[in-house]
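As a plain string of letters, each chain reads:
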Number of protein chains: 2
Amino acid sequence: MKNLVGRPGSVSGLILRLGQCAFAAAAIGVMVSAFGFARFTAFCYLIASMGLQVLWSFGLACLDIYALTRKRDLQNPVLVSLFVVGDWVTATLTLAAACSSAGIMVLYSRDLAFCKHNPHLPCNKFQMSIAFAFITWAFTAISSHVMFWILLASV
Amino acid sequence: MKNLVGRPGSVSGLILRLGQCAFAAAAIGVMVSAFGFARFTAFCYLIASMGLQVLWSFGLACLDIYALTRKRDLQNPVLVSLFVVGDWVTATLTLAAACSSAGIMVLYSRDLAFCKHNPHLPCNKFQMSIAFAFITWAFTAISSHVMFWILLASV
């Protein structure tokens, strides 16, 4: 378990955290650039949730960089427990935000065909932002599972 | 960990499974009785997801009854691993379904105020069904965490 891909304090772990951070930031950027997003509560919640994800992932990426440069080991049970809880909470919030926005997008683009009949609606941007949010969730779920396995191995 | 509330093969575990089953069935029942639900993809997905939850929880409830009547122990690592994976998958699908439906409901009742201006829309039934789906998710999340702790203790 010491060599698990994505473990804290490793290059793969750092890449995973930077990936989460980048996709969450991209989701915020694309959503903010879409005209009229503020009328949708779900899209505002997506931005808030992605903001929290950026903070969490950026913090852990900094911790990974510190561990890599100072050659410190981050795999002690207390720290890993904290990572498991944090990843679980952020993953749940990210999934909730992505799904609630996706629900609206499916309604607008498929069920009501609003996107086809209202070309001024920036549906492509909404969809792109939601796709980024789902990618962020997938990365966070991977992190969460890696932490879970490390915790399982460390007890 | 052998006496954890909600563990498989215990009365509390059985109550938790029956609770999941009952609330998921109630979510399906209320949604199906709401006129016009089929026009919304998210609401159809909610029914499908709750259907899967009913099957999973009912199966595990039967296993709990079997373990209780025959005094069998269900806490071996292979079975608990299976329960952890199953609970994680069903909890994720349930949360996704509840959130996508909740996104639409918030849009209709708050952002666009459709529910106020279209009294023929069965918004109350939609909301009740979504609330039941969230309760089902909460119960499944509890089960999932209990299984996780048992797995952690058994390795």
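This one's a predicted model, so the numbers in the text were calculated from it and none came from an experiment.

Caption draft 1: Local environment of the relation of the copies chain B and chain A. When chain B is fitted to chain A, the best match, at an RMSD of 0.0 Å, comes from turning it 180° and sliding it 0.0 Å along the axis. Look at the turn and shift together and you get a two-fold axis relating the two. Taking C-alpha positions as reference, the residue of chain B nearest the rotation axis is B:S100, located at 2.0 Å. A shared interface surface links the copies, since 100% of the contact residues of chain B are contact residues in chain A too.

Caption draft 2: Structural view of helix α3 (residues 77-111) of chain A. For α3(A), built from 35 residues, the straight-helix expectation of 51 Å at 1.5 Å per residue is met to within 8% by its first-to-last C-alpha distance of 48 Å. Two residues or fewer past α3(A), A:A113 is found with a positive phi of approximately 55°.

Caption draft 3: Representation of the UniProt feature "domain: Casparian strip membrane protein" (unreviewed entry) in chain A. According to UniProt, the positions carrying the feature "domain: Casparian strip membrane protein" (unreviewed entry) are residues 7-139 of chain A. Annotated as residues 7-139 of chain A, this span is 82% helix and 0% strand, and its ends, taken at the C-alpha atoms, are 13 Å apart.

Caption draft 4: Local environment of the interface of chain B and chain A. Tallying the contact residues gives 23 residues for chain B and 23 residues for chain A. Taken together, both faces of the contact between chain B and chain A bury some 2000 Å²; the carbon and sulfur share is 78%. Taken together, the connections running from chain B to chain A amount to zero salt bridges. Taken together, chain B and chain A are joined by two residue pairs in polar contact (both at pLDDT 80 or more). Among the elements of the structure, α3 (77-111) and α5 (123-154) of chain B are those that each provide at least two residues to the side of chain B that touches chain A. Of the residues forming the side of chain B that touches chain A, the biggest block, 13 residues, is contributed by α3(B).

Caption draft 5: Broad picture of the nonpolar core. Counting residues in hydrophobic clusters, the biggest one holds 55 residues, and the most contacted among them are A:F43, A:Y108, A:F126, B:F43, B:Y108 and B:F126. Counting only elements with at least two residues in this core, the list comes to α1 (11-33), α2 (41-70), α3 and α5 (123-154) of chain A together with α1 (11-33), α2 (41-70), α3 and α5 of chain B. Contacts of B:Y108, omitting those with residues within four sequence positions, involve A:L107, A:L112, B:F40, B:A113, B:F114, B:C115 and B:L121. A:I150, B:L60, B:V80 and B:L151 belong to the second largest nonpolar core, which has 20 residues in total.

Caption draft 6: Quick look at the state of the cysteines. In total, this model carries two disulfides over all chains according to the counting rule given. At a sulfur-sulfur separation of 2.0 Å, the disulfide partner of A:C115 is A:C123. Between A:C115 and A:C123 the sulfur-sulfur dihedral comes to about -80°; the bridge is accordingly left-handed. Neither A:C115 nor A:C123 differs from the other in exposure class; each is buried. Left unpaired, A:C99 is separated from the closest cysteine sulfur, that of B:C99, by 6.0 Å.

Rules used in this analysis
Residues numbered from 1 in each chain as written. Chains lettered and ligands numbered in written order. Predicted model: local features only at pLDDT ≥ 70, side-chain atom pairs only at ≥ 80, totals over all residues. Heavy atoms only, no water. Least-squares fit on C-alpha atoms with pLDDT ≥ 70 in both. Contact = heavy atoms within 4.5 Å. Helix = DSSP H or I, 4+ residues; strand = E, 2+ residues; numbered from the N terminus. Expected span 1.5 Å × (residues − 1). UniProt positions renumbered as here; feature names shortened; annotations may be inferred. Buried area = accessible area lost by both parts, 1.4 Å probe. Salt bridge = Lys/Arg side-chain N within 4 Å of Asp/Glu carboxyl O. Polar contact = N/O pair within 3.5 Å; in protein donor to acceptor, adjacent residues only side chain to side chain. Core = buried A, V, L, I, M, F, W, Y, C linked by side-chain atoms within 4.5 Å. Buried < 20%, exposed > 50% of the residue type's maximum accessible area, 1.4 Å probe, protein only. Disulfide = S-S within 2.5 Å.

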